[in-house]
Amino acid sequence: MMLVHEELLREFQDFALIAPTPESVMERIAQRLHEKMTRYNWVGFYVIDPVDPGVLLVGPFVGSFTPNARIPLSTGLCGAAASSGQVVVVHDVSKDPRYLAGSPLVKCEIVVPIFVKNKLAAEFDIESYFASTFTKPEQDFVEACAAIVGKYLGKG
Ligand code: SME
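Here is a short report on the structure shown in this document. Bear in mind that the values here come from a model prediction, so they are computed numbers and not experimental data. (Residues numbered from 1 in each chain as written. Predicted model: local features only at pLDDT ≥ 70, side-chain atom pairs only at ≥ 80, totals over all residues. Heavy atoms only, no water.)

## Comments concerning the overall build of the protein
- Within the protein one finds four helices and six strands.
- Expected size for 156 residues packed as a compact globule is a radius of gyration near 15 Å; at 14 Å, the protein falls within 12% of this value.
- Overall, the C-alpha framework of the protein stretches about 40 × 40 × 25 Å when taken along its three principal axes.
- The 156 residues of the protein split such that 48% are buried.
- Looking at the protein alone, contacts between residues at least 24 apart form 50% of all its contacts between residues at least 6 apart. (Helix = DSSP H or I, 4+ residues; strand = E, 2+ residues; numbered from the N terminus. Rg over C-alpha atoms; globule rule 2.2 N^0.38 Å. Buried < 20%, exposed > 50% of the residue type's maximum accessible area, 1.4 Å probe, protein only. Contact = heavy atoms within 4.5 Å.)

In structure tokens:
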């Protein structure tokens, strides 16, 4: 893992120890990744709608475009990750028919499901204006960030 990854993970783990709410952990991660990782151009979270578990609602995010606020689990890469329970990495979104556009600038995306007590609670979604940003080391880092949120949610 790259030094910047290690430093950010340590920062997020330390913050999660004293964070007042799950949203504050999500906000910190979104803010700092958008700031420090040049190719992470939209960084945000989706949470399962407490009223309708078949829908994802946008949570804390940082990025230059307005996201899809509500995503049914049957739609988009976010829906695919939620429905499959698997990480979705798409190196070129123009080649993936599942992709739900947020901005025409987006070239690639990663979506990491976040489980709490084996139940899907949220997702970590990062979109990049550069193709093939999410190499395996980057994916491992993003999954580690998502795990910090999952651990915090599980404390509640
Ligand atoms: N590209 C995502 C939608 C995310 S929001 O617009 C940031 C998808 O395909 O589900």
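The structure having been displayed, the exposition proceeds.
## Focus on the pattern of salt bridges
- For the structure on display, the rule yields seven salt bridges.
- In this structure, the salt-bridge partner of Glu35 is Arg32, at a minimum N-O distance of 2.6 Å. Here Glu35 and its partner Arg32 are both found in helix 2 (residues 22-36), three residues apart, which amounts to about one turn of the helix.
- Classification of Glu35 as partly exposed rests on a relative accessible area of 46%.
- Measuring nitrogen to oxygen at the nearest pair gives 2.8 Å for the salt bridge that ties Arg98 to Asp96.
- Assessed through its relative accessible area of 14%, Asp96 is described here as buried.
- Linked by salt bridges that have partners in common, Glu11, Arg28, Arg32 and Glu35 make up one network. (Salt bridge = Lys/Arg side-chain N within 4 Å of Asp/Glu carboxyl O.)

## Let's talk about helix 1 (residues 3-18)
- With 16 residues, helix 1 extends 24 Å between its outermost C-alpha atoms, agreeing within 8% with the 22 Å of an ideal straight helix rising 1.5 Å per residue.
- Residues of helix 1 that are buried in the fold lie against helix 2 and helix 4 (136-155). (Expected span 1.5 Å × (residues − 1).)

## Quick look at the packing of aromatic side chains
- Tallied over the entire structure, the rule returns five aromatic pairs.
- Cluster of aromatic residues (ring-pair linked, three or more members): Trp42, Tyr46, Phe61 and Phe65.
- The ring centre of Phe15 lies 4.6 Å from the NZ or CZ of Arg28, which sits over that ring. (Phe/Tyr/Trp six-rings, centres within 6.5 Å; stacked < 30°, edge-to-face > 60°. Lys NZ or Arg CZ within 6 Å of the ring centre and 35° of its normal.)

## Some remarks on the environment of Ser83
- Within the secondary structure, Ser83 sits in helix 3 (residues 76-84).
- Taking the relative accessible area as the measure of exposure, Ser83 reaches 51% and is therefore exposed.
- Note: C-alpha distance between Ser83 and Ile29 (54 residues apart in sequence) is 24 Å.
- Side-chain polar atoms of Ser83 contact the backbone oxygen of Gly79, separated by 2.7 Å. (Polar contact = N/O pair within 3.5 Å; in protein donor to acceptor, adjacent residues only side chain to side chain.)

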